[in-house]
Amino acid sequence: MRRVIAAGVALGLSTVFLGALPASAASGQLAVTASIDGQEIGGATVPVNPAKPVKLVVTANNSGASTVRVRSVKLSGVALALTFYSYDTRTFILDLGDLAGQATGLLPSSVELLDGQRATLGEATTVADVRGSFWSVYGVFGLAMLVLTILAWLTALLALARHRLPPNRGRRGLRFLPAGFGTGLVAVITLSVLRLVPPEPAIEIPVVLGAAAIAFLLGYLTPHPAPRPAPLAAADQATVRLPLPVTEEFTG
């Protein structure tokens, strides 16, 4: 059970650090601006309602000397380095009807111009306020992380209550570490779904690492488990002797 919990939390944690890595190299030849339903996406949170089509307007400025051919426009949303929705189009009216089952809450999003090899020629980034379902892929992912985190805390606390934590303080801290990582991931997803803070690397990494550090410190400071009593050797075991019956003789 501990391995399953640690593996699940590690999967969520790896997505956080992968999200902090630089994206694949792109030419970036075009300066892109975009608007959704007439609202400029740069520096603003854009509401996206899956119940109606989205009018996307893209303007690209080519500052280079060579001609650039744009094959398609890609609208995508990413959280914890996982792409929870992605749409490619050659037109500029997007039907987002299935978005309700993919994501909900605040998600960092981008509008990219792609060439024939699907390399990014330019992009504009924003935060999309997706009005999707709580039972979307993103919402269910958050619930799964919540369940794994609760199990991780229960496993660590039961080991503490039963005096089964390792004697070494560092190892005791490591037993609490998966629970801390999971707590940080759940906090990031919850803030996103509640439309409070988007899960951007500048926010999610400090939250996850901070929660992990607190959990490790709690495990490190837990009291030393009581030593188990050593079994008595055969020679040390007390021998109990029953008194012999007393026989009395009476003479008449």
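Relevant structure appears above.
Let us look at the structure shown here.

Reading guide: rules and limits
Residues numbered from 1 in each chain as written. Predicted model: local features only at pLDDT ≥ 70, side-chain atom pairs only at ≥ 80, totals over all residues. Heavy atoms only, no water. Helix = DSSP H or I, 4+ residues; strand = E, 2+ residues; numbered from the N terminus. Contact = heavy atoms within 4.5 Å. Polar contact = N/O pair within 3.5 Å; in protein donor to acceptor, adjacent residues only side chain to side chain. Axes fitted to C-alpha atoms, helices over the stretch in contact; angles between N-to-C directions. Parallel < 35°, antiparallel > 145°, perpendicular 65-115°, else oblique. Left-handed = near helix turned anticlockwise from the far one by under 90°. 1 Å grid on protein atoms, 1.4 Å probe; cavity = no way out; pocket = protein on both sides within 12 Å on 5 of 7 lines; lining within 4 Å. Points joined across faces, edges and corners; volume = space filled by probe spheres on them. Nonpolar A, V, L, I, M, F, W, Y, C, P; charged D, E, K, R; others polar. Buried < 20%, exposed > 50% of the residue type's maximum accessible area, 1.4 Å probe, protein only. Pairing = 2+ DSSP bridges.

### Considerations on the environment of R195
Along the polypeptide, R195 turns up in the loop between α3 (169-193) and α4 (201-221). Taking C-alpha positions, R195 is 9.2 Å from V130, a pair spaced 65 residues apart along the chain. Excluding residues that lie within four positions of it along the chain, R195 makes contacts with T104, G105, L106, D129, V130, R131 and G132. Within polar-contact distance, the side chain of R195 engages the side chain of D129 at 2.5 Å.

### Examining the packing of helix α2 (residues 137-161) against α3
When two helices pack together, their arrangement is given by the angle between the helix axes and by the axis-to-axis distance. Between α2 and α3, the least distance of the axes is 8 Å, while the angle of their chain directions is 150°. In terms of axis orientation, α2 runs roughly antiparallel to α3. Between α2 and α3 lies a crossing of left-handed hand. Residue-level inspection shows Y138, F141, G142, M145, L146, T149, A152, W153, T155, A156, L157 and A159 of α2 in contact with α3, the latter providing R175, F176, P178, A179, G180, G182, T183, L185, V186, I189, S192 and V193.

### Here we look at empty space enclosed by the protein
In the structure shown here, the tally under the stated rule is 1 cavity of 30 Å³ or more. The calculated volume of the largest cavity comes to roughly 40 Å³. For the largest cavity, the full set of lining residues is I36, V48, L75, Y85, S109, T126 and A128. Across the lining of the largest cavity, the residue classes break down as 5 nonpolar, 2 polar and no charged.

### Let's talk about the pairing of strand β5 (residues 72-79)
The side chains of a regular strand alternate between both faces of the sheet. Counted residue by residue, β5 has 6 buried out of 8 residues, so it is predominantly covered. Relative to strand β8 (residues 105-114), β5 runs antiparallel, the two being bridged by 6 bridges. Paired with V73 across the two strands is L113, which belongs to β8.

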